Structure formats: C-alpha cells, structure tokens
Amino acid sequence: MSAVRSLRKLSRAALLGATPRDSLPDAIEHVAKVHRAHHPRADLRPLRRAYMLAESSHRGQMRKSGEPYITHPLAVTLLLAQLGAETTTLTASLLHDTVEDTAVTLEQVRQEFGDQVCYLVDGVTKLEKVDHGSAAEPETFRKMLVATGNDVRVMSIKLADRLHNMRTLGVMRREKQVRIAQVTRDVLIPLAERLGIQALKSELEDLVFAVLHPEEHAATRELIQERHGRPDPLTAFASRVRRTLREAGIAAQVLIRPRHTVSVHRLRLKRGQLGDCDFARLLVLVEEDADCYAVLGELHTCFAPLVSEFKDFIAAPKFNLYQSLHTAIADENGEVAEVLVRTRRMHRVAETGVIALGDPHAAEAPDLTEPDGGGASPSTADGAGERTDPTRPGWLSRLLEWQSHASDPNTFWQELRDELAQDLEITVYCAAPGGEGPAGGALPLPAGATCVDAAYARLGEAAHRCIGARVNGRLVALTTVLRDGDALQLFLEPGHGSPSGPAPEWLEHVRTPAARLAIREWLAAPGRGESDPHENAAADRDGTRREHPAAGSETPQGELRSPHRGARHPEYRPARHATQDARPNGARRAATHREQPVEYGENIPVVPGHPGTPVRLARCCTPVPTDAVTGFPVRGGAVTVHRESCRSVARMASAGRLTLPVRWEQGDAGCRVTLRAEAFGRPHLLADLTEAIAAEGAAVVSADVEPPREQRVRHTYTLQLPDAAGLPALMRAMRQVPGVYDVTRSVRRTAAN
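Heads up: these notes are all about the structure in this document.

In terms of helices and strands, the chain carries 27 helices and 22 strands. By the burial criterion, 51% of the 753 residues in the chain qualify as buried. Contacts spanning at least 24 positions in sequence make up 67% of the contacts within the chain whose residues lie at least 6 apart. Carbon and sulfur atoms form 50% of the exposed surface of the chain, whose accessible area is close to 35400 Å².

Given below as structure tokens:
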C-alpha cells in the first residue's frame, strides 16, 4: 500500500504547475528525501534538471492505466533511490524513456548531463521493431548486456523499470501479460539474482508467479493469510535469541524476516506440509564479521543445531556478492527456526547487490565487498579469479564473450535463456596445459559443467585439440561433471597441423553456451559431417584410422583387426639404427624393412647345472635381461622363466611347484619385451607411437589396440630391443608422445589352477 500511496503522490505532483527556478519540483521532493537518506551530501541539481526535461518531454503522454507518463520514470527513480543508488543512476532513470519515446536525442542528453548519463540512457533504450523486426527484443537485450558489461548500472535501471511495469501489468491483455512475465522469469529475474539485487528479484518473482500461475499463487496467498491469523511462534523464539545474545554480551538486532510468496510456495513443494515457523526466518544483524561467528557459537550452544542446515557464505561468498551464515536451531519443544546471521554491511549488499557498490567509475568506490576482518577484496583479486572488479562479475564476462559468437538473434536468445536458467555456480582451478593459454587459476563455471565446458572457457577455440583431463590427480573422461573446488588439468594433442576437433557427443554434455556454439561451429564447417560420425568417432579415439600416411601407408589393411576385437601387427622390425634418421616419416621408412628384417641375438636365460635345458620366457610377464627371474620346470623337460615379481610365481610356489635358479647368459645383445601404453585417443596416435619406437631402434613384433573406452585407449606392443639397457629410454620416449600418460611393462592375468 505504501508503494501505491507514493505513486499517487507522484502522480498528483506531476500535474502541478511550474516551480521556482532553484527549488525542487514537488514531484521529486520525496525522491530527493529518500536519496539524501543514503547520500546526505548528494548534489540534487542534476535531478532537478533531469526531471524538468523528462516532464516537458513526456507532457501529454499517458500510460494505459490512465496516469501521466511521467509517473513511470518517477516511480522507477524512487525504487532506485530506496535501494541507495547514487545520483548519476537516478538522473539516468528519470530520462530512461525520453530518447525512446520523445524527441529528445542522445546528443542532447550528453550535452546536458555528461557522458555517463548518456551511456546509461542509451543502454536501456530499446531498438525499433521497424529496423529489426522480430529480432528487436533479443537484440535489445544483447545491446543492454553489452552496455552492462561496461557499467552495471544499466541493468539496475532496467530491473527497476521492469518491476514498475510488472506492478501495473493488469491493464494489459492477458496474452501480453503472459509474454512479458515469461521474459521477466527467464531473463530478468536470473539477472537480478546474479547481480545480487534481492529486493527487486523477490518482488519480481511474486508478480510473475501471480501472472503465470494464478491458481497456485492464490492458494499460497491463502495459506499465508491463514498463518497470519494465528500466533507466531517465532516471536517467542526471537525473544529467547535476543536474551541469549544479550547475556553473552553480543550487541545484535534480531528481526523476524517473512518469506515472500514464491519462497513459501517452493518450501511447500519441498516439504509437503509447512509448520508455523516455516513462513519466516530469524535475521540477526551485528557490526563485525567476528560477531557473526560469536552469535553462531551461542546459538549452537544454547539451542539444538541442525547441522545439515549450516552454510557459511561469509568464508565462501556466493558469486553474486552474497555473504551470510545460515543455520537452523530447535528449542526444547521441537520447534525449528531458520536463522540468518550477517553484518549490517552484508545485509545491505544482500538486499541491493551491485547497487550498493555505487559508481563503478569512481576513483574510490565504496569497499562493501571486503570482510571487516581483512582479506583480499574482490576488486583487487587476481585476474584469474572470480572477478577483478566486483561490478563486472565473472559470469557477465563469460556471457559477453560467447554472445559475440552468436550472430543469429534466435540462437543468442535461446542460449541466453539456457545460460540464465543455471542458477548455481562453481569454481574449479584449471592449470594451463603445456604452457598454452593463460596462467592457471580459478575458473567460474555453472553448476553441472563438464571438463569440456572448462576447456572452452579456459582455452577458447584451442579446446578443439583437447583429448583428455585429470581431475584432482585422477584421469577422467572429458564428459565428467565438475564439482566446486576441483583441480583440473587439461591435455591437448600436438599443436602442429589442424586439430582433430570435438566429438559430436560432446554437445550432449556441455552446459555453457560458449562451448555449445564453438562445437556447433566446428561440426557445421564444410567437409566435417560427410562421413558416418560414429565410425569417425571410433577411429579418432583409438588412433587406428589408416587413411593418414603417417599411420603407416605401406601397412596392408588386413594387418589390423577390427578395433572391437583388438588389432595385431605381424612381424614388424624397423632398422636397428633408426635413431640416425630424424625425418618425420622415419617410422614409415622403417616399416619398409619388414621385407628384410634385421635379426638380433638375445641374452639367453640358462639354468645353472642343467646345460642344454630348453628355456622359454613366460608370456605373462615377459622378462628381459637384468630382471630378477626364477624358473619352473614344465612338461618335456623345459623350464619356463618368470620375473620374480610376477603373480604366477607366488601362486605356483604356494602350490608347491619346484623352482629352479635362472641367470642370464652374456651373449649377443638383444631381448624381447611387452609394453603397454595408456593414452587419450586421437588421430595418428598409432603412427606417432611406432615412430617413437623406431627412433629407439626397437622392432615391433606385434601390436594390439583395444577399443576406446571413455576417450582413452590402450596399446600393447611386443618389441624386440637391440639391448636391454635401452628399455628405460624407450619407455621414456613413448611417454613423451602427446596423449600418452603412462607406459608400463605388460603383465598378463592368468587364471588360477
């Protein structure tokens, strides 16, 4: 009712005649009084001039409600004044419709009020449907968001403008009410939440709820009215809390904070049935940050706390600047009350968000974001963090980045709604892969984002080369959903040549518009969608696509089995001194020696005291010279040699099998070994690995490539080495192949007898 009375007062004052030249018009006297309450030394002369220009420009124009049009900019300005906006914002809000609906020009506003006011007025001015057709609304919001990126006060004016329009929406046709309410729900309410302006957001939610869900709104209002007819148990609860804090010597103000209509409706859906204490919460206001924790200690000592309801948004503020302690306590009767504990400074920021920060261009903006107890302010935080300027949030920077790639208005409009529908945010710590991209640091992402989202947010188009990720030290699939606080490391394929590009299935897992737009743009490029995507994806992941010359064009197609059954090479022996050939196609040239392989002698394992005994190497552990080995006699008088660390040795020894000592006989150099390479799947992986093997002078006896799983692939090679001493160098060379994250000696699992 107070808002209605204020509006009527402004309406009457707007119809009055001229005022003395140096005095304030009656219509803005109330606005000036509210403004001076927040800014006692504010210069009111710009407000007077702005009102005079707006009133003369809008004179004769009427709203659909029948009131003079000037009452609308006056009401918008009063809303912002009540939230503590500074003079420049109030001046622009008085003029926000003049350029759009009257003959006033932006140049006239600039000459009269300066560049800042002109910028704000231009930012909220709609684009004409005559020029943009059906794209006028999305392009208007794009223009407004870009302007907000430079000055967040643009969006503050728009939100106040929409709130007053929603208050007077009842005079419009039902279909227009629904359309405006839907845009408010999908775009403006999430923007108010992200900017932390809860005072506007809460009322907008209630007004939209009444338009889009009138029956549920009426039922919830009836429930609230019924509750008001009964005694409020929170009154006694609040008295006990005041007494407890007073006895503890803590200066605090304890208030009962009613829930707004939508909040009650959501709580009823969550809990099914509401108790008398569920219609409001206790709000405890103190002076210092340390007092918040002192209050918390007293509450948890003198009442029974519900630990699951405790949240500390002071130590870890929300991405919209919100800071508070949340808890719930129960008395001896089992009544549960939710409690919010914050300082008065935190309360102001919680209610008005970025409006409380004042002029973002001021030399010394008010520091309302830094905790009283010290610590780094967001305005001076590291550039890799959430924000370098609290009036330029991290989510807004990301939005401005991806919108520049969404040239189609419909695509922008849909992506904007999808982006704003994600009302939670997480922070991951992403290290730059291989020195590429910016330095590692905090990376804000929407909740539910995957490693793919992080890659595109961190690297942009360079993320087309991303082939794997490690989260908290563990290798994961790129589609893994990230959690708040995760440490992320990205792996990229080599930078030379064109990237293999994103997989089509990535689109099913990404949450950010930036990632979606980049992937769609890549997949839509000519020549990238002609072949079967499933076949291409499989070939890209296991690295066995054979049309690339680097993969060994001389290798007959039949030599590789289907990747679903494993791929195996026949005898494949590169030249012994392949290290002398440093050309990139060394592996392919080495492959031509398969016709005339170079044979190596081998270090022969022998059984002391049993000369001439046939000895064979166990396939389960493939021992090589210098390995500690032991032998087991088998049928036919032969001895099978195992590494002492082989699982089969322990199993057979425990079964009572006879063991024989075995040593390596010094003979011609040479040994055979089986290595297993774990890697992220990518094109040319097989070629690069065989090239690295050839460069170390080893011969591939056989190769087995398992089908990819979660974008990872396993290659198993049986190799002939000229010298066992070269094994460590060979394994290091294989690990240095891009995408390979581990190379180990192969140990086969054998079934127990």
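Structure shown, so let's carry the discussion forward.
It is at 9 Å that the axes of helix α10 (residues 136-150) and helix α20 (residues 409-421) come closest, and there the two elements cross at 65 degrees. The way α10 lies across α20 gives a crossing that is left-handed. Seen from α10, the contacting residues are Glu137, Pro138, Glu139, Phe141, Arg142 and Leu145; seen from α20, they are Pro409, Phe412, Trp413 and Leu416. In terms of residue class, the contact of α10 with α20 is made up of seven nonpolar, no polar and three charged.

This next bit is on the pattern of salt bridges. Tallying each qualifying case throughout the model produces 30 salt bridges. For Lys201, the salt bridge identified is with Glu193, shortest N-O distance 3.1 Å. On the basis of relative accessible area, Lys201 is assigned to the buried category, the value being 12%. Here Glu193 falls in the buried class, since its relative accessible area comes to 14%. One salt bridge connects Glu205 with Lys201, and the closest N-O pair in it is separated by 3.6 Å. Here the residue Glu205 and the residue Lys201 both occupy positions in helix α13 (residues 198-212), the gap between them amounting to four residues, near one helical turn. With relative accessibility at 7%, the residue Glu205 sits in the buried group. Salt bridges linked by common partners bring Glu193, Lys201, Glu205 and Arg266 together as one network.

A few words on the pairing of strand β19 (residues 671-680). When you tally the buried positions in β19, you get eight out of ten residues, the bulk of the element. With ten bridges connecting them, β19 and strand β21 (residues 712-721) associate as antiparallel partners. When the sheet's bridge partners are listed, Thr674 is paired in β21 with Thr718. As paired strands, β19 and strand β22 (residues 740-745) are joined by five bridges and run antiparallel to one another.

As summarised here, the arrangement of the five strands in space is β8-β7-β11-β9-β10, forming an open sheet in which the pairing is mixed. Since the sheet does not close on itself, it has two edges, and those belong to β8 (441-446) and β10 (474-476), each with one partner. With direction set aside, neighbouring strand axes in the sheet form an average angle of 40 degrees. Here strand β7 (residues 425-431) runs beside β8; their pairing, made up of six bridges, is antiparallel.

Among the secondary structure elements, Thr77 is positioned in helix α4 (residues 71-82). If near-sequence neighbours (up to four positions away) are discounted, Thr77 is found in contact with Val31, Leu90, Ser93 and Leu94.

For any pair of aromatic rings, geometry is given as the distance between the ring centres together with the angle between the planes. With the rule as written, the count across this model stands at four aromatic pairs. Taking 5.1 Å as the distance between ring centres and 35 degrees as the angle between the ring planes, the aromatic pair formed by Phe491 and Phe680 counts as tilted. On the criterion of sequence distance, the pair formed by Phe491 in strand β11 (residues 487-492) and Phe680 in strand β19 is long-range, its members being 189 residues apart. The same class applies to Phe491 and to Phe680, which are both buried. Between Phe680 and Tyr741, the aromatic rings sit 5.1 Å apart at their centres with planes inclined by 50 degrees, giving tilted as the arrangement. Taken together, the residues span a long stretch of sequence, with Phe680 in strand β19 and Tyr741 in strand β22 at a distance of 61 residues. Here the aromatic cluster, defined as three or more aromatic residues joined through ring pairs, consists of Phe491, Phe680 and Tyr741. Across the ring face of Phe313, the terminal group of Lys318 is positioned such that the distance to the ring centre comes to 4.9 Å.

Turning our eyes to something else, we now look at the pairing of strand β20 (residues 699-705). Two faces belong to every sheet, and in a regular strand the side chains alternate between them. Along β20, seven of the seven residues are buried, which leaves the element largely enclosed by surrounding structure. With six bridges connecting them, β20 and β21 associate as antiparallel partners. Among the inter-strand pairings, Asp704 is bridged to a residue of β21, identified as Thr716. Between β20 and β21, which pair antiparallel and follow one another directly, the connecting turn spans six residues, one of which, Glu710, has a positive phi of 55 degrees.

Turning our eyes to something else, we now look at the side chain of Thr87. Turning to its location among the elements, Thr87 is positioned in helix α5 (residues 87-94). For Thr87, a relative accessible area of 15% translates into the label buried. A polar side-chain atom of Thr87 sits 2.9 Å from a polar atom in the side chain of His35. The residues touching Thr87, leaving out its near neighbours within four places in the chain, are His35, Ala42, Asp43, Pro46 and Leu47.

Our focus in this paragraph is α13. Owing to its 3.6 residues per turn, the α-helix brings residues three or four apart onto one side. Between the first and last C-alpha of α13 there are 21 Å, a value that for 15 residues agrees with the 21 Å anticipated at 1.5 Å per step. Of the residues making up α13, those classed as buried are Gln198, Leu200, Lys201, Ser202, Leu204, Glu205, Asp206, Val208, Phe209, Val211 and Leu212. Where the residues of α13 are buried, they touch α11 (153-167), α12 (174-194), α14 (214-228), α16 (261-271) and α18 (344-352).

The next point concerns the environment of Leu169. Examined against the element boundaries, Leu169 turns out to sit in the loop between α11 and α12. For Leu169, a relative accessible area of 4% gives the class buried. Sequence-wise, Leu169 and Val211 are 42 residues apart; in three dimensions their C-alpha atoms are separated by 9.1 Å. Setting aside its immediate chain neighbours within four residues, Leu169 contacts Gln177, Ile180 and Val211.

Bringing α16 into the picture now. Within the sequence span of α16, burial applies to Thr261, Val262, Ser263, Val264, His265 and Leu267. Turning to α16, the residues buried within the fold contact α13 and α14. With its phi angle positive at about 85 degrees, Gly272 sits one or two positions after the end of α16.

Turning next to the nonpolar core. Of all hydrophobic cores here, the largest spans 75 residues; its most connected members are Leu80, Leu95, Val109, Met155, Leu159, Ile197 and Leu416. Among the elements that line this core, the one with the most residues is α12, at eight residues. Discounting residues that sit within four places of it in the chain, Leu416 has contacts with Leu145, Val187, Leu399 and Trp402.

Definitions and cut-offs
- Residues numbered from 1 in each chain as written.
- Predicted model: local features only at pLDDT ≥ 70, side-chain atom pairs only at ≥ 80, totals over all residues.
- Heavy atoms only, no water.
- Helix = DSSP H or I, 4+ residues; strand = E, 2+ residues; numbered from the N terminus.
- Buried < 20%, exposed > 50% of the residue type's maximum accessible area, 1.4 Å probe, protein only.
- Contact = heavy atoms within 4.5 Å.
- Areas by Shrake-Rupley, 256 points an atom, 1.4 Å probe, with all protein chains shown as cover.
- Axes fitted to C-alpha atoms, helices over the stretch in contact; angles between N-to-C directions.
- Left-handed = near helix turned anticlockwise from the far one by under 90°.
- Nonpolar A, V, L, I, M, F, W, Y, C, P; charged D, E, K, R; others polar.
- Salt bridge = Lys/Arg side-chain N within 4 Å of Asp/Glu carboxyl O.
- Pairing = 2+ DSSP bridges.
- Phe/Tyr/Trp six-rings, centres within 6.5 Å; stacked < 30°, edge-to-face > 60°.
- Lys NZ or Arg CZ within 6 Å of the ring centre and 35° of its normal.
- Polar contact = N/O pair within 3.5 Å; in protein donor to acceptor, adjacent residues only side chain to side chain.
- Expected span 1.5 Å × (residues − 1).
- Core = buried A, V, L, I, M, F, W, Y, C linked by side-chain atoms within 4.5 Å.

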